[in-house]
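Survey of secondary and tertiary structure
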Amino acid sequence: MSHGRLSRFLRQRLLFLAAGNIALLVVIATLMKQGGSFAEVLARCGPNIAPVVLAGLGMTGIICTGAIDLSIASIIVVAGTVFGILVHHHAPPPVCFIACVATAWLLSMANGWLVRALKVPAIIITLAGLALYRGLALIAADVAIPNFGGSLSVPEEVYHTPGKVFAGGMLLLTLAVALVWEWFAKTPRHWLALGSSEEACRLLGLAPGRILQSAFGVGGLFLGLGALIYVTQIQFIEPARMALGFELQVIGAVILGGTNIFGGEGGYAGTVLGALFLYFTAQVMTYAGISPYFQDAIAGAVIIGVIGMDCALHRKEKLLEELA
Amino acid sequence: MKKWMLLLILLVEVAFFTAVSGQSFHSGAELAGYFRSYFADLLCQSAPVLLVAFGMTLVLMTAGIDLSAGSMVALIACVLSSFPSGPGFWWTAVPVGLALALLLGATNGALIAWLDVPPIIATLGTMIFYRGLCFVVMGDLEKSPFLAVPGYEWLGQLGGAGLLVALVFILGGMGFNRSRWRREVLMLGGNRVAARYAGISVGRRIVEVYALMGLLAFLAALTFTARNSSVSASSLTGFELQVIVAVVLGGTRVQGGGGSLLGTFFGVLIIAVMDEGLRGAARWGEEHLPFKISHLEYVLLGTLLVAGVWLNSNLTPRRRQSGSD
């Protein structure tokens, strides 16, 4: 690992998460009762975390530029609704799958375009999108399906193949491509540059608007894949209730992975490890027999604890930077 | 955006929805009576949002944000609801709720000020944490001890809720607008480093602002439980979004260093009128539209937010925008 590539902070965070994940796995292995197979836990991990990880990869790029997308859950809802409507009208599976991914990509692009065109902070645009897209999904379902009762069922197994059969494989393949691309391509470095200083970018002759758009574009592709897996794992698509709070899980994983919320620092590897950390923490709680009522509180406390400790450790550096 | 534009939007909305709802008036007195009950109802209904929006305006002024507001109100309400009802409620549950509220708010503030966690991250974490605690306290139950407490119902009616809102907005707002504290809060929102060099105890001010948010969340929990009479662990999800949309619509900038309490007041009412209006227009919608009109609310909320912010940043004179970063 070359030293110029990752900041000391990121390296420390990756090491901490890797060690933490291994520790959590050891705890899971010791907590497991007779008859449970550890290999099965690992095999189940892929499909379970695929939506969060894929959406998280997209979010990482967007946050690296200093923007954020709070509307991803609603985008998944729209993609799911489009998918459900097409299934309802008996479209062939490939058409449904492609439409699902394309919808997510288009909405993500729309977010990027709106941020650029209106010059309004991304957090506001996507906060609006959070409400707006869910509303659009509900209206689309009302209009396209007679007597829509709030839920679309997808009974045929063939429509569930991406989520139930290929999820793990798709995740691994996408991850490999993403990590290699991040290492060699220029675009992710442009995102970091934009997140560090928009002014410096402009002076260097880079177009900040186009860089931002590319982050939302690539993010949209990852989100599209994540949405496809999310949507095809569930039996019922309920636009009003589906994926509530999903964006928090994703942002939690991204931030835990060491990506700076203000942009300019971060990477895909951290996000993957962060998502795994949150997932394994939840698994440990399940295996330890902790009441499900306590699980959210503990998950929240873990996020606050890890990030709080980390920020406190870097406080002195930040204060010194302020003086410079 | 100018305040009169917000007022204009509000009036147009009220006129439009009154016309759509199919009310007919035969005399001026009837009209006055209708609007009196309409606004009384509106005020009671939106009292929790108004109270929390007051705090959120101050939080946004410090260049922070509080995503945990909804969870905080819910948690306080949940804790209140686990006390036995009866006259004793006033001197057991209420002080405990108040102390808890200040603690929750100050926790947010401490994370942000003393551990240097970015506000959006800190409150995102506490949002999940506080909501988790709601489930720890309540499980799957829905409790409603509130209406058996003597005098509690008054808090949800125009007398109590209206009085609280008036006290907070008129007295609190006036006191705030004249205070040195306000200038310090605005300055640290505008430029934290400069504020530190100017001798403002930045950390303390931030903790104070978030603790105040806790206090307002407590008042909101009182009015909410008095009006809705029951609470469960998943009450008030999405509440913070409603509050933030209202505050931003009212002209407060998310980048900090500026904002208006009067704008916030109008912002909340604009959304409340829309909410009420769409509910009133449900029948008209069923006959004329191919979709449920209530779904339109999400779309309008999003559009309003973007339009409001866009107008805000494009209609404000240039000199007030400089130094925003």
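Position numbers for residues start from 1 in each chain and track the written sequence from start to end. Chains carry letters from A onward and ligands carry numbers from 1 onward, assigned in written order. Whole-chain, interface and lining totals are the exception, using all residues; otherwise, since this is a predicted model, local features are given only for residues with pLDDT of at least 70 and side-chain atom pairs are given and counted only at 80 or more.

This part takes up the overall build of chain A. The way it works is that DSSP assigns letters per residue, a run of H or I at least four long becomes a helix, a run of E at least two long becomes a strand, and they are numbered from the N terminus. Each helix and strand counted, chain A has 14 helices and 2 strands in total. Expected size for 324 residues packed as a compact globule is a radius of gyration near 20 Å; at 20 Å, chain A falls within 12% of this value. Reported as C-alpha extents along the three principal axes, the dimensions of chain A are approximately 65 × 60 × 35 Å. Scored against the burial criterion, the 324 residues of chain A give a buried share of 46%. Using C-alpha atoms as the atom set, the radius of gyration is obtained and then compared with a globule rule of 2.2 Å times the number of residues to the power 0.38. Every C-beta atom is placed from the backbone, and the number of other C-beta atoms within 10 Å of a residue's own sets its class: buried at 20 or more, exposed at 12 or fewer, partly exposed in between.

All right, on to the overall build of chain B then. When you go through chain B residue by residue, the secondary structure sums to 15 helices and 2 strands. Along the longest, intermediate and shortest principal axes, the C-alpha atoms of chain B span 65 × 55 × 35 Å. Relative to its full complement of 325 residues, chain B shows a buried share of 47%. By sequence separation, contacts in chain B at least 24 residues apart represent 79% of the contacts at least 6 residues apart. Contacts are defined on C-beta atoms placed from the backbone: any two residues whose C-beta positions lie within 7 Å are in contact.

The next point concerns the packing of helix α3 (residues 47–61) of chain B against helix α11 (residues 239–249) of chain B. Residues and elements named next belong to chain B. Between α3 and α11, whose axes approach to 9 Å, the crossing angle comes to 65°. You can see that α3 and α11 cross each other, and the crossing is right-handed. Contact residues: α3 offers V49, V52, A53, M56, T57 and L60, while α11 offers Q242, V243, I244, A246 and V247. Gly is placed with the polar residues, together with every amino acid not listed as nonpolar (Ala, Val, Leu, Ile, Met, Phe, Trp, Tyr, Cys and Pro) or charged (Asp, Glu, Lys and Arg). Counted by class, the contact of α3 with α11 contains 9 nonpolar, 2 polar and no charged residues. Between the N-to-C directions of two axes lies an angle of 0 to 180 degrees, each axis being a line fitted to C-alpha atoms and, for a helix, fitted only over the stretch in contact. Note on convention: near helix rotated counterclockwise from far helix by under a right angle means a left-handed crossing. Clockwise means right-handed.

Frequently, the measure chosen for interface size is the accessible area removed from exposure when the parts meet. Between chain A and chain B, the residue contacts involve 42 residues of the former and 39 residues of the latter. Secondary-structure elements contributing two or more residues to the side of chain A that touches chain B are α5 (122–144), α11 (246–256), α13 (292–313) and α14 (315–323) of chain A. Classifying every residue of the side of chain A that touches chain B gives 31 nonpolar, 4 polar and 7 charged.

Another point: the packing of helix α4 (residues 69–81) of chain B against helix α5 (residues 89–113) of chain B. Residues and elements named next belong to chain B. It is the contact of α4 with α5, at a shortest axis distance of 9 Å, that shows an interaxial angle of 155°. Taken together, the axes of α4 and α5 are roughly antiparallel relative to one another. Viewed along their axes, α4 and α5 form a crossing whose handedness is right-handed. Residue-level contacts link M72, L75, I76, V79 and L80 of α4 to A93, V96, G97, L100, A101 and L104 of α5. When grouped by side-chain class, the residues that make up the contact of α4 with α5 number 10 nonpolar, 1 polar and no charged. Here the angle decides the label: under 35 degrees means roughly parallel, over 145 means roughly antiparallel, 65 to 115 means roughly perpendicular, and every other value means oblique.

Within soluble globular proteins, side chains that are nonpolar tend to cluster in buried spots. Residue and element names in this part refer to chain B. In this structure, V73, I76 and A217 are the most contacted members of the largest nonpolar core, which totals 201 residues. Per-element tally for this core: the top contributor is helix α10 (residues 202–228), with 16 residues. In contact with V73, not counting residues within four places along its chain, are P48, V52, A217, A220, A221, F224, L236 and F239. To form a nonpolar core, buried Ala, Val, Leu, Ile, Met, Phe, Trp, Tyr and Cys residues must be joined through C-beta atoms within 7 Å.

Now for unusual backbone geometry. All names here are of chain A. For H90, which is not glycine, the phi dihedral falls at a positive 60°. Position of H90 among the secondary structure elements: in the loop between α3 (72–88) and α4 (93–118). The backbone of K119 shows a phi angle near 55°, a positive value even though the residue is not glycine. Among the secondary structure elements, K119 is positioned in the loop between α4 and α5.

Residues of helix α8 (residues 180–190) of chain B that are buried: E184, V185, M187, L188 and G189 of chain B. Here the buried face of α8 of chain B lies against α3, α9 (192–197) and α10 of chain B.

With that settled, the discussion passes to the environment of I76 of chain B. Residue and element names in this part refer to chain B. With respect to the helices and strands, I76 occurs in helix α4. Using a count of 28 C-beta atoms within 10 Å as the deciding quantity, one classes I76 as buried. Other than its neighbours up to four places away in sequence, I76 contacts G97, L100, A101, A217, F218 and A221.

All names here are of chain A. Relative to the helices and strands, S196 is located in helix α8 (residues 187–196). Since 18 C-beta atoms lie within 10 Å of it, S196 is described here as partly exposed. A C-alpha to C-alpha distance of 8.5 Å links S196 and C64, two positions 132 residues apart in sequence.

Another point: the environment of E240 of chain B. All names here are of chain B. Looking at the secondary structure, you find E240 in helix α11. Assessed through the 22 C-beta atoms surrounding it within 10 Å, E240 is described here as buried. Taking the C-alpha atoms as reference, E240 lies 25 Å from M187; in sequence the two are 53 residues apart. Apart from the residues within four sequence positions on either side, E240 is in contact with L67, A69 and G70.

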